[in-house]
Amino acid sequence: GENRGVRIINTQGIDQQWNITAGITGSENESFCIRDSTANVNTFTMAKSTGHANFSGNVELNDTGQLQLGTGNDVQIYHNNSHFFADNNKGNSYLRNTSSGDIIIRNSGGGDIQFDNEFAGNMLFNTSNVERMRIRSNGAVGIGIDNATNSNIKLRVVGNLANEWTAEVKSTNTTGQAYGLVVNTLTSAGVYNLGCYTHTGNGFFVKNNGTVGIGLG
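Scope of this entry: the structure provided in the associated data block. Numbering of residues starts from 1 in each chain and follows the order in which that chain's sequence is written. Given that the model is predicted, a residue must reach a pLDDT of at least 70 before its local features are reported, and side-chain atom pairs must reach 80 or more before they are shown or counted; all residues, however, enter totals for whole chains, interfaces and linings. Just so you know, side-chain values use all the structure's heavy atoms and leave hydrogens and water out.

1. What about the overall build of the chain?
Along its length, the chain carries 0 helices and 13 strands. Helices and strands appear in the chain in the N-to-C order β-β-β-β-β-β-β-β-β-β-β-β-β. Working definition of accessibility: Shrake-Rupley area with a 1.4 Å probe, residue cover restricted to the visible protein chains. Element-wise, carbon and sulfur atoms account for 50% of the exposed surface of the chain, whose accessible area totals about 19,000 Å². Each helix is a run of H or I in the DSSP string that is no shorter than four residues. Each strand is a run of E no shorter than two, and both are numbered from the N terminus.

Below, the structure written as structure tokens:
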């Protein structure tokens with residue numbers, strides 16, 4: 001006949017509760033184990049005192065299965081046969097490295113890396129726990145944040161270092177023409193193509209027709 005190990009069969013209906021209990025006393029009864037006697041390893045161990053579970057091999061879930069965390073299944077980690085998901089429906093989500101190593105997001109199989117805020121919120125980038133760059137929901141980018149965090153200027157660079165330029169555009173090309181900065185607008189756009197302003201007013205400007213004004217409105 002068919003060779004079998006130990007079978008535990010429920011014959012009392014679906015409401016029957018099974019209790020598999022580690023020993024009550026004794027140093028040898030501190031955990032529940034499923035052991036591979038041929039390989040001489042515990043394939044599954046659950047500690048009686050902590051409830052911690054240890055697997056000696058992989059834990060495999062089908063595409064319909066989820067790893068659910070939290071009392072109310074606040075987090076679900078799963079694969080739906082097409083894509084991987086880690087869903088959190090309570091509080092913030094943190095990808096946190098508590099060691100001295102780096103956090104590396106790498107795409108090794110082709111395609112893009114996409115950061116997608118589906119709602120009308122900003123994307124903030126911090127270093128030293130201070131905001132350094134912000135992309136607003138309308139696409140405006142602010143580098144070096146001041147009190148004008150809601151500026152609609154598409155690219156705004158703010159600096160506060162003494163004896164330093166706020167921004168630099170530099171080409172290191174040595175094989176041909178090295179272009180620095182191009183400021184271009186459509187012919188149907190506004191009057192001004194390029195402007196430089198000081199705290200007292202206009203420094204200079206260049207109109208679309210090539211007119212250059214210095215200290216003029």
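2. Some details on the sheet that holds strand β9 (residues 141-143)
For two strands to count as paired, DSSP must find a minimum of two bridges between them. With mixed pairing, 4 strands are arranged side by side in an open sheet as β7-β8-β9-β10. Two strands bound the open sheet, and with one partner strand each, they are β7 (123-127) and β10 (155-157). Averaged over all neighbouring strand pairs, the angle between strand axes comes to 20°, with direction disregarded. One ladder, built from 3 bridges, connects β9 with β10; its direction is parallel. For helices, the axis comes from a line fit to the C-alpha atoms of the stretch in contact; other axes are also lines fit to C-alpha atoms, and the angle between any two N-to-C directions lies between 0 and 180 degrees.

3. Topic: the sheet that holds strand β3 (residues 53-55)
Overall, antiparallel pairing links the 3 strands, which are arranged β1-β2-β3 in an open sheet. A single partner strand is all that each edge strand has here, and the edge strands are β1 (31-36) and β3. Here the average twist between neighbouring strands, direction ignored, is 15°.

4. Here's the deal with the packing of aromatic side chains
Centres within 6.5 Å make a pair out of two Phe, Tyr or Trp rings, where for Trp the six-membered ring is used; the pair is then stacked when the planes are under 30 degrees apart, edge-to-face when over 60, and tilted otherwise. Overall, the coordinates contain 3 aromatic pairs when judged by the stated rule. On the numbers, 6.4 Å between centres and 65° between planes, the contact of F32 with F44 is edge-to-face. With F32 in strand β1 and F44 in strand β2 (residues 41-47), the pair connects residues that are 12 residues apart, well separated along the chain. Each residue gets one of three labels from its accessible area relative to the maximum for its type: buried under 20%, exposed over 50%, partly exposed in between, using a 1.4 Å probe on protein chains only. A residue is classified by how much of its surface remains accessible, and F44, at 15% relative accessible area, is buried. Taking 5.4 Å as the distance between ring centres and 20° as the angle between the ring planes, the aromatic pair formed by Y78 and F85 counts as stacked. On the accessibility criterion, Y78 (19% relative accessible area) is buried. Feature note: the residues F32, F44 and F55 constitute an aromatic cluster, connected by ring pairs.

5. Some details on the pairing of β1
Where β1 and β2 come together, 6 bridges link them in antiparallel fashion. From the neighbouring strand, I34 faces β2, where its bridge partner is F44. Here β1 folds back onto β2 in antiparallel fashion, the turn holding 4 residues, of which N40 has a positive phi close to 60°.

6. Some points on the layout of surface pockets
In this structure, the largest pocket spans a volume of roughly 540 Å³. Residue lining of the largest pocket: I105, I113, Q114, F115, D116, N117, E118, F119, N122, M123, L124 and F125, and that is the complete set. Site definitions follow a grid-based scheme: protein atoms alone, a 1 Å grid, a 1.4 Å probe that fits but cannot get out for cavities, and for pockets an open set with protein on both sides within 12 Å along at least five of seven lines, plus lining residues having an atom within 4 Å of a point. Grid points are joined across faces, edges and corners, and a volume is the space filled by probe spheres set on the points.

7. A short note on a nonpolar patch on the surface
Nonpolar side chains collect at one region of the surface, where V169, L181, V183, L194, F204, V212 and I214 lie side by side and expose about 660 Å² of accessible area between them. Within the secondary structure, V212 sits in strand β13 (residues 212-214). Take V212: its relative accessible area is 54%, and that puts it in the exposed class. To count toward a patch, a residue needs a relative accessible area above 30% and no salt bridge. Like charges then connect within 9 Å, nonpolar side chains (Val, Leu, Ile, Met, Phe, Trp, Tyr) within 5 Å. Counted as salt bridges are all cases of a side-chain nitrogen of Lys or Arg within 4 Å of a carboxyl oxygen of Asp or Glu.

8. Side note on empty space enclosed by the protein
With the rule as written, the count across this model stands at 1 cavity of 30 Å³ or more. Of the pockets and cavities examined, the largest cavity occupies roughly 110 Å³. Residue lining of the largest cavity: 15 residues in total, with G142, I145, A148, T149 and S151 positioned closest to the centre.

9. Some points on the side chain of R134
For R134, the position within the fold is in strand β8 (residues 130-135). Here a polar contact is taken to be a pair of N or O atoms separated by no more than 3.5 Å, where protein atoms must pair a possible hydrogen donor with a possible acceptor and residues adjacent in sequence count only if both atoms sit in side chains. In terms of polar contacts, R134 uses its side chain to reach the side chain of E131, at 2.7 Å. Excluding anything up to four places from it in sequence, R134 contacts N122, M123, L124, A140, V141, G142, I145 and T149. Should any heavy atoms of two residues lie within 4.5 Å, those residues are counted as being in contact.

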